[in-house]
Amino acid sequence: MIKLVLIRHGQSVWNLENRFTGWTDVDLSNNGLEEAKQAGIVLKKHGYVFDAAHTSVLKRAIQTMWIVLREMDLLWIPDYKSWMLNERHYGALQGLNKAETAEKYGEEQVHLWRRSVDIRPPALERTDERYEASAPRYRSLREEEFPLTENLEDTERRVLKYWQKAIAPALSSGQHLLISAHGNTLRALVKYLDRIPADGIADLNIPTGIPLVYELDERLSPIRHYYLGIDGEIPEEKIPSHI
Ligand SMILES: O=C(O)[C@H](O)COP(=O)(O)O
């Protein structure tokens with residue numbers, strides 16, 4: 001049995017302000033910093049040790065990874081950062097307040113943008129100041145690869161490409177991995193791992209800063225999964241699944 005640990009970054013300052021974030025590179029809130037520290041304490045207490053860690057190129061996920069690994073005295077392990085683990089791109093919604101957006105476009109429309117699989121939010125214009133294709137961290141992307149908006153299917157495609165290229169081979173070689181990523185990145189990965197159909201994913205939310213442990217068989221098929229707290233597996237009814 002192989003254990004894989006997923007963690008959504010701690011609460012960010014735009015989670016706190018209820019803003020659409022996507023690829024915007026915002027910091028963790030003070031609460032998010034504390035969540036990440038607690039996650040490291042929990043993982044260390046339960047004897048987890050990682051051989052490597054994977055994260056996005058967004059600081060809320062990178063800092064979460066660093067804080068967790070610092071608490072575990074594992075800052076020395078290799079870590080890999082890829083844009084392919086970035087949060088789903090929220091297009092022209094990035095920076096807008098979710099409640100104000102719902103007032104303007106209606107709750108149903110915002111829910112579809114946030115939780116459907118195949119509906120993309122309005123796209124960014126390449127002239128928009130939020131369009132960051134020229135940022136050094138995205139140097140490896142061709143212009144046509146840089147998203148102007150994404151639905152969950154788009155996110156799933158790039159996450160699975162990274163899974164096949166970097167994660168699955170490492171797991172199959174016996175490595176214990178930590179993936180520090182984002183709400184929709186992990187929704188996409190969980191959808192794939194648990195074979196959740198498109199019409200079954202809308203209500204799945206990943207809470208911030210709580211280690212999600214996947215026990216996988218030798219074919220990397222999930223045996224079971226659970227959130228890990230200081231006293232061990234957290235009962236389903238105690239998981240804060242706020243949307
Ligand atoms: O990108 C964001 O706004 C959040 O990290 C996830 O937002 P969502 O829960 O609205 O998809």
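Residues numbered from 1 in each chain as written. Predicted model: local features only at pLDDT ≥ 70, side-chain atom pairs only at ≥ 80, totals over all residues. Heavy atoms only, no water.

## Concerning the UniProt feature "site: Transition state stabilizer" (unreviewed entry) in the protein chain
- Feature annotation in UniProt assigns "site: Transition state stabilizer" (unreviewed entry) to the following positions: His 182.
- Within the secondary structure layout, His 182 lies in the loop between β4 (177–181) and α7 (183–193).
- Non-local contacts of His 182, meaning those with residues more than four positions away in its chain, are made with Arg 8, His 9, Ser 56, Leu 58, Arg 60, Ala 61, Leu 85, Asn 86 and Glu 87.
- Within polar-contact distance, the side chain of His 182 engages the side chain of Arg 60 at 3.5 Å. (UniProt positions renumbered as here; feature names shortened; annotations may be inferred. Helix = DSSP H or I, 4+ residues; strand = E, 2+ residues; numbered from the N terminus. Contact = heavy atoms within 4.5 Å. Polar contact = N/O pair within 3.5 Å; in protein donor to acceptor, adjacent residues only side chain to side chain.)

## Side note on the sheet that holds strand β6 (residues 222–229)
- The seven strands lie next to each other as β3-β2-β4-β1-β5-β6-β7, forming an open sheet whose pairing is mixed. Looking at the sheet topology across the chains shown, the edges are occupied by β3 (79–81) and β7 (232–233).
- As defined by bridge partners, strand β1 (residues 2–8) adjoins β4 across five bridges and the pair is classed as parallel. Each bridged residue has a counterpart across the sheet, and for Leu 4 the counterpart in β4 is Leu 177.
- Those strands touched by helix α3 (residues 59–71) are β1, β2 (52–55), β3 and β4, and its axis lies near 140° from that of β4. (Pairing = 2+ DSSP bridges. Axes fitted to C-alpha atoms, helices over the stretch in contact; angles between N-to-C directions.)

## Focus: empty space enclosed by the protein
- Taken as a whole, this structure holds one cavity of 30 Å³ or more when the rule is applied.
- Of the voids in this model, the largest cavity is the one considered here, and its volume is about 30 Å³.
- The element best represented in the lining of the largest cavity is helix α6 (residues 152–172), accounting for four residues.
- When the residues that make up the lining of the largest cavity are grouped by side-chain class, the tally is seven nonpolar, no polar and no charged. (1 Å grid on protein atoms, 1.4 Å probe; cavity = no way out; pocket = protein on both sides within 12 Å on 5 of 7 lines; lining within 4 Å. Points joined across faces, edges and corners; volume = space filled by probe spheres on them. Nonpolar A, V, L, I, M, F, W, Y, C, P; charged D, E, K, R; others polar.)

## Some words on the site of the ligand
- In the region of the ligand, the neighbouring residues are Arg 8, Asn 15, Arg 19, Phe 20, Thr 21, Gly 22, Glu 87, Tyr 90, Lys 98, Arg 114, Arg 115 and Asn 184.
- Between an oxygen atom of the ligand and a side-chain N or O atom of Arg 115, the distance comes to 2.7 Å.
- Contact between the ligand and Asn 184: an oxygen atom at 2.8 Å from a side-chain N or O atom of the residue.
- For the ligand, whose unbound accessible area comes to 310 Å², protein coverage reaches 97%.
- For the shell around the ligand, a count of residues per class yields two nonpolar, four polar and six charged. (Near = heavy atom within 4 Å. Areas by Shrake-Rupley, 256 points an atom, 1.4 Å probe, with all protein chains shown as cover.)

## What to know about the pairing of β6
- Pairing analysis gives five bridges linking strand β5 (residues 212–216) to β6, with the strands arranged antiparallel. Along β6, the bridge assignment pairs Tyr 214 with His 225.
- The turn linking β5 back onto β6 is made up of five residues, and Leu 220 within it adopts a positive phi angle of 65°.
- With two bridges connecting them, β6 and β7 associate as antiparallel partners. Looking at the pairing, Leu 228 lines up with Glu 233 of β7.
- Between β6 and the antiparallel strand that follows it, β7, lie two residues.

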